[in-house]
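Per-entry structural report
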Amino acid sequence: MLLRRRTTSYFRNLTTETKQGSDYSKDQNFTHILNEICTITRTKPRWENTLLSQYPSFNFSNPNFFLHYLNHQNNTFLSLRFLHWLTSQCGFSPDQSSCDALFDALVDAGACKAAKSLLDDCPDFNPKPASLENYIRCLGKGGMVGDAVDVFFRLKKVGFLPLVSTFNVSLLACLKVGRTDLVWKLYAHMIESGVVGSIDVETVGCLIKAFCAEGKVFDGYELLRQVLEKGLCPDNTVFNSLIAGFCKESQYARVSEILHIMISMKCNPGIYTYQEVINGLFKRKKNDEGFRVFNDLKDRGYFPDKVMYTTVIKGLCDMGLLGEARKLWFEMICKGLVPNEYTYNVMIDGYCKIGDLVEAKKLYDDMCDRGYAENVVSYTTMISGLCLRGRVDEALSLFHEMSRKGVARDLISYNSLIKGLCQNGELVKATDLLHELLAQGFEPSVSSFTPLIKSLCEVGETGVAMRLLKDMHDRHLEPIASTLDNIIVGLCKEGNVAQGMEWLLKMISWKLKPKEQTFENLIDGLSQEDRLDDILIVLDLMFREGYRLKESIIHSLVSKFCKENFHFPKLCLEEFGERN
DNA sequence: ATAGGGTTAG
């Protein structure tokens, strides 16, 4: 609605501007034809054919005609399509003023892709610098930050310097899509262009956020100190990024320092900042610490919002403290905060994880009664919960219900069910599901493969498992350590110890830590084949990983080595000595 | 703006 209004008023201005110099405006016949053309292009899906048959001799290639069309049409997207047609079918080449009008209208409507295609289609068209500056903002809003940066360089070539605020919104746009590389590129360009004097606190705020996003929180912090020394204070979002960054590095002293800076600068930390702190603590598994901060906040008179309650409830559920979580659930309701689908889901998941499916189902039904529709997340939560208790048939029927109710499945819902099927020995169904996932065009993740490979190894299908591992490799998916443990143990069980040994060496070269059990399986297999040299290699690697040998294995190894009259290397003697 | 489901094995 807004879009249409803005476009319309733009063309109203254009109309008054172009009426004066036009020969056609007095020509009733022309106006009539123009109206007809506008109507046809608006209403007929195949308007091209109609136009050519109805107006065979009309001069579509007159630039004035297109400008008039723009005035009447008031639909920038249709106008762009019409322009395509005119240029390709009627040899029309739009003049500067037509292009200007259309370009500005597209930018005004936020249609950055269309504006870009206009530029691409008309290489001779040179928009006014001010239009390009608006275009930059439009590209940023649309997330097309790479193109936005290119336009800055284009403006530089014609000697036009955009406003600092244009730079700033573009920097923010780059941050939003995670392109910190472009933040630095654009910043370097700012310095070169000579805006350095007018760089403001917002610019620096973007740089601090960029540092945080790249995990260089301390660089961001130093920059903050510099800004503060100049008596400037960035907005809360900048402080929040720093807090989130320091939480990630478990530097809680710094977190508290930032909070104090905020208070001293009168940028009082609000609910969002505390949300960041609590979230950071819970993400770093400092749940009880997070819970403490939460209670402190309440004591100090803060009113946690729904998001904060949801975060804390989830943290308590993860700790297995369902009773505490439930208390908070009722507390928030008492304060007038109605649980939403997020809150319901963490609570349902909490009950599923402790195996209380009855309570989980009760909440699930309650959620639906309150008008929250089942969605892909709530389905996946229940599917995982059912699988965890071995109720895989019910999980499967929920999965089918999803498509009946028109809830689109996603990668996680597939992965969850694959895992559940594997845990319950339904490998054929699990494999079918992996194929279905691929056929649906999803890009599989590590979690799509991990449970299948594990189960295949356990049932003696290590060959099939290794083909899947190869498939992962081809997709540039790196297996987790335990997947390789599974392969090695599987190979040992099949008597293929040599290949198991190869995988162990590969695993260690990839800096993945094998399990103790994996070493023990290999030693057992090698021992049966009397490959004493290889046993020593495995023992060496095992000790380096910090494992110790079990008593029973020591005994069998010692007698084995003695029987072979083998010379013990120093390392093994030390290890054996330690135990005696 | 911030929050929810898969990601060790048991």
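Residues numbered from 1 in each chain as written. Chains lettered and ligands numbered in written order. Predicted model: local features only at pLDDT ≥ 70, side-chain atom pairs only at ≥ 80, totals over all residues. Heavy atoms only, no water.

An unreviewed UniProt entry lists chain A under the name Pentatricopeptide repeat-containing protein, from Vicia faba. In UniProt, chain A has this text filed under Sequence similarities (unreviewed entry): "Belongs to the PPR family. P subfamily." (UniProt positions renumbered as here; feature names shortened; annotations may be inferred.)

1. Some words on the protein's contact with DNA strand B
Every one of the 34 residues lining DNA strand B counts as a neighbour, but Tyr 272, Asn 340, Asn 415, Lys 419 and Ser 445 are closest to it. Taking all atoms of DNA strand B within 4 Å of the protein, the share assigned to sugar and phosphate is 39%. Between DNA strand B and the protein, one listed contact pairs a base nitrogen with a side-chain N or O atom of Thr 310 at 3.5 Å. At 2.8 Å from a base nitrogen of DNA strand B is found a side-chain nitrogen or oxygen belonging to Asp 410. At 6 residues, the largest contribution of residues to the surface near DNA strand B is made by helix H20 (residues 341-353). Of the residues that constitute the surface near DNA strand B, the class distribution is 8 nonpolar, 18 polar and 8 charged. (Near = heavy atom within 4 Å. Polar contact = N/O pair within 3.5 Å; in protein donor to acceptor, adjacent residues only side chain to side chain. Helix = DSSP H or I, 4+ residues; strand = E, 2+ residues; numbered from the N terminus. Nonpolar A, V, L, I, M, F, W, Y, C, P; charged D, E, K, R; others polar.)

2. Remarks on the layout of surface pockets
For the largest pocket, the calculated volume is near 580 Å³. Lining the largest pocket are 23 residues; nearest its centre among them are Thr 310, Thr 311, Lys 314, Tyr 342 and Val 346. Mapped onto the lining of the largest pocket, the elements with two or more residues apiece are helix H16 (271-283), helix H18 (306-318), H20 and helix H22 (376-388). By residue number, the principal contributor to the lining of the largest pocket is H18, which donates 7 residues. Class assignment for the residues of the lining of the largest pocket results in 6 nonpolar, 10 polar and 7 charged. Of the volumes computed, that of the second largest pocket is approximately 350 Å³. (1 Å grid on protein atoms, 1.4 Å probe; cavity = no way out; pocket = protein on both sides within 12 Å on 5 of 7 lines; lining within 4 Å. Points joined across faces, edges and corners; volume = space filled by probe spheres on them.)

3. Notes on the pattern of salt bridges
Opposite charge on two side chains lets them pair, provided their charged atoms get close. For the structure on display, the rule yields 32 salt bridges. Note that Lys 116 is salt-bridged to Asp 147, the shortest N-O span being 3.2 Å. Taken together, the residues span a long stretch of sequence, with Lys 116 in helix H7 (residues 112-121) and Asp 147 in helix H9 (residues 145-157) at a distance of 31 residues. A relative accessible area of 25% means that Lys 116 is categorised as partly exposed. The exposure class of Asp 147 is partly exposed, given its relative accessible area of 22%. When the shortest N-O distance is used, the salt bridge between Asp 534 and Arg 531 registers 2.5 Å. Members of the salt-bridge network, linked through shared partners, are Lys 116, Asp 120 and Asp 147. (Salt bridge = Lys/Arg side-chain N within 4 Å of Asp/Glu carboxyl O. Buried < 20%, exposed > 50% of the residue type's maximum accessible area, 1.4 Å probe, protein only.)

4. So, the packing of aromatic side chains
Evaluation of the coordinates by the stated rule reveals 18 aromatic pairs. Here Lys 506 stacks its cationic end above the ring of Trp 503, 4.1 Å away from the centre of that ring. A cation over a ring is seen here: Lys 513 above Tyr 547, with NZ or CZ 4.8 Å from the ring centre. (Phe/Tyr/Trp six-rings, centres within 6.5 Å; stacked < 30°, edge-to-face > 60°. Lys NZ or Arg CZ within 6 Å of the ring centre and 35° of its normal.)

5. Considerations on H16
Under the 1.5 Å per step criterion, the end-to-end length of H16 is 18 Å for 13 residues, consistent within 8% with the ideal 18 Å. In this structure, the buried residues of H16 make contact with helix H14 (236-248), helix H15 (252-264), helix H17 (287-299) and H18. One or two residues past the end of H16 sits Lys 285, with phi positive at roughly 65°. (Expected span 1.5 Å × (residues − 1). Contact = heavy atoms within 4.5 Å.)

6. A few points about the state of the cysteines
Scanning all chains against the criterion turns up 0 disulfides. Free of any disulfide, Cys 90 has its nearest cysteine sulfur in Cys 122, 14 Å distant. Not engaged in a disulfide, the cysteine Cys 138 finds its nearest cysteine sulfur in Cys 112; these two sulfurs lie 4.6 Å apart. (Disulfide = S-S within 2.5 Å.)

7. Quick notes on the packing of H17 against helix H19 (residues 322-334)
It is at 14 Å that the axes of H17 and H19 come closest, and there the two elements cross at 30°. Between H17 and H19, the interaxial angle falls into the category roughly parallel. For the pair H17 and H19, the sense of crossing is left-handed. Two secondary-structure elements touch here, H17 through Phe 291, Phe 294 and Lys 298 and H19 through Glu 324, Leu 328 and Glu 331. Partitioned by chemical class, the residues of the contact of H17 with H19 number 3 nonpolar, no polar and 3 charged. (Axes fitted to C-alpha atoms, helices over the stretch in contact; angles between N-to-C directions. Parallel < 35°, antiparallel > 145°, perpendicular 65-115°, else oblique. Left-handed = near helix turned anticlockwise from the far one by under 90°.)

8. Focus: the environment of Leu 78
As for its position among the elements, Leu 78 is in helix H5 (residues 76-89). Along the chain, Leu 78 and Met 319 lie 241 residues apart, while their C-alpha atoms are 57 Å from each other. The contact partners of Leu 78, leaving out residues within four places of it in the chain, are Thr 41, Arg 42, Tyr 69 and Gln 73.

9. Quick word on the confidence of the model for chain A
Put simply, chain A has an average pLDDT of 87, and 92% of its residues get 70 or more. Here residues 1-22 is modelled with pLDDT under 50, and outside its nearest four sequence neighbours on either side it reaches 26 contacts, counting other chains as well. (pLDDT = per-residue confidence, 0-100.)

10. Structural notes on the packing of H14 against H15
The N-to-C vectors of H14 and H15 enclose an angle of 165°; their axes lie 8 Å apart at closest approach. On the basis of the axis angle, H14 is roughly antiparallel to H15. Handedness of the H14/H15 crossing: left-handed. Of the residues in H15, those in contact with Asn 236, Phe 239, Leu 242, Ile 243, Phe 246 and Cys 247 of H14 are Tyr 252, Arg 254, Val 255, Ile 258, Leu 259, Ile 261 and Met 262. Taken together, the residues that form the contact of H14 with H15 break down as 11 nonpolar, 1 polar and 1 charged.

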